[in-house]
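# Architecture and fold: a report
Next come the chains, spelled out residue by residue.
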Amino acid sequence: MDRIWPRGLSKEKARVDWWAKELAPSDALRRWFAHDPGKYAEFVRRYREELKENPALARLKALGKEGTVTLLFGAKETRYNNAQALLAILEEGGLTGGEGT
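Presented here is a report on the structure given in the accompanying data block. (Residues numbered from 1 in each chain as written. Predicted model: local features only at pLDDT ≥ 70, side-chain atom pairs only at ≥ 80, totals over all residues. Heavy atoms only, no water.)

## Structural notes on the packing of aromatic side chains
On inspection of all chains with the given rule, the structure shows 6 aromatic pairs. Seen from their ring centres, phenylalanine 33 and tyrosine 40 are 5.9 Å apart, and the 50° between their planes marks the pair as tilted. Judged by relative accessible area, which is 15%, tyrosine 40 ranks as buried. Above the ring of tryptophan 19, the side-chain terminus of lysine 21 is found at 4.5 Å from the ring centroid. Across the ring face of tryptophan 32, the terminal group of lysine 39 is positioned such that the distance to the ring centre comes to 4.9 Å. (Phe/Tyr/Trp six-rings, centres within 6.5 Å; stacked < 30°, edge-to-face > 60°. Buried < 20%, exposed > 50% of the residue type's maximum accessible area, 1.4 Å probe, protein only. Lys NZ or Arg CZ within 6 Å of the ring centre and 35° of its normal.)

## Quick notes on helix 5 (residues 82–92)
Note on helix geometry: an α-helix contains 3.6 residues per turn, so any two residues three or four positions apart are oriented the same way. Every buried residue of helix 5 is listed here: Asn82, Ala83, Ala85, Leu86, Ile89 and Leu90. Considered in projection along helix 5, the buried side chains sweep an arc of 160° and stay on one side of the axis. For helix 5, the elements touching its buried residues are helix 3 (40–52) and helix 4 (56–66). (Helix = DSSP H or I, 4+ residues; strand = E, 2+ residues; numbered from the N terminus. Arc of directions from axis to C-beta. Contact = heavy atoms within 4.5 Å.)

## Brief notes about unusual backbone geometry
At arginine 15, a residue that is not glycine, the phi angle is positive and equals roughly 50°. Along the chain, arginine 15 falls in the loop between helix 1 (11–14) and helix 2 (27–33). Among the residues examined, arginine 15 registers a relative accessible area of 72% and is labelled exposed. With a phi angle near 50°, alanine 34 is a residue other than glycine that sits in the positive phi range. You can see alanine 34 is positioned in the loop between helix 2 and helix 3.

## Details of the nonpolar core
Residues Leu23, Tyr40, Phe43, Tyr47, Leu51, Leu60 and Leu86 are the most contacted members of the largest nonpolar core, which totals 20 residues. Those elements that provide at least two residues to this core are helix 2, helix 3, helix 4 and helix 5. Those residues within four positions of leucine 86 in sequence are excluded, and the remaining contacts are Met1, Tyr47, Leu51, Leu60 and Leu71. (Core = buried A, V, L, I, M, F, W, Y, C linked by side-chain atoms within 4.5 Å.)

As structure tokens, then:
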């Protein structure tokens, strides 16, 4: 769920089917957030707005209907990060089309 591949992990070792870097938050949003827990709720709101215009979201939803989807991320912060935000957004179904995963 990051635009930049994590250091120290080869793509071969990770064995991912799809690196969904286009679903990552914009650089501006990511830098504004800076993994600050106090900004997390606003980060999720802004990220949700960015995702409404993102065509890759349909692919992610389709994959979720086919089976298990695992969201990987490189952040040290395990609670307040873009993968957790995307998961919450998908679970609440608050995106265009009104459907969750």
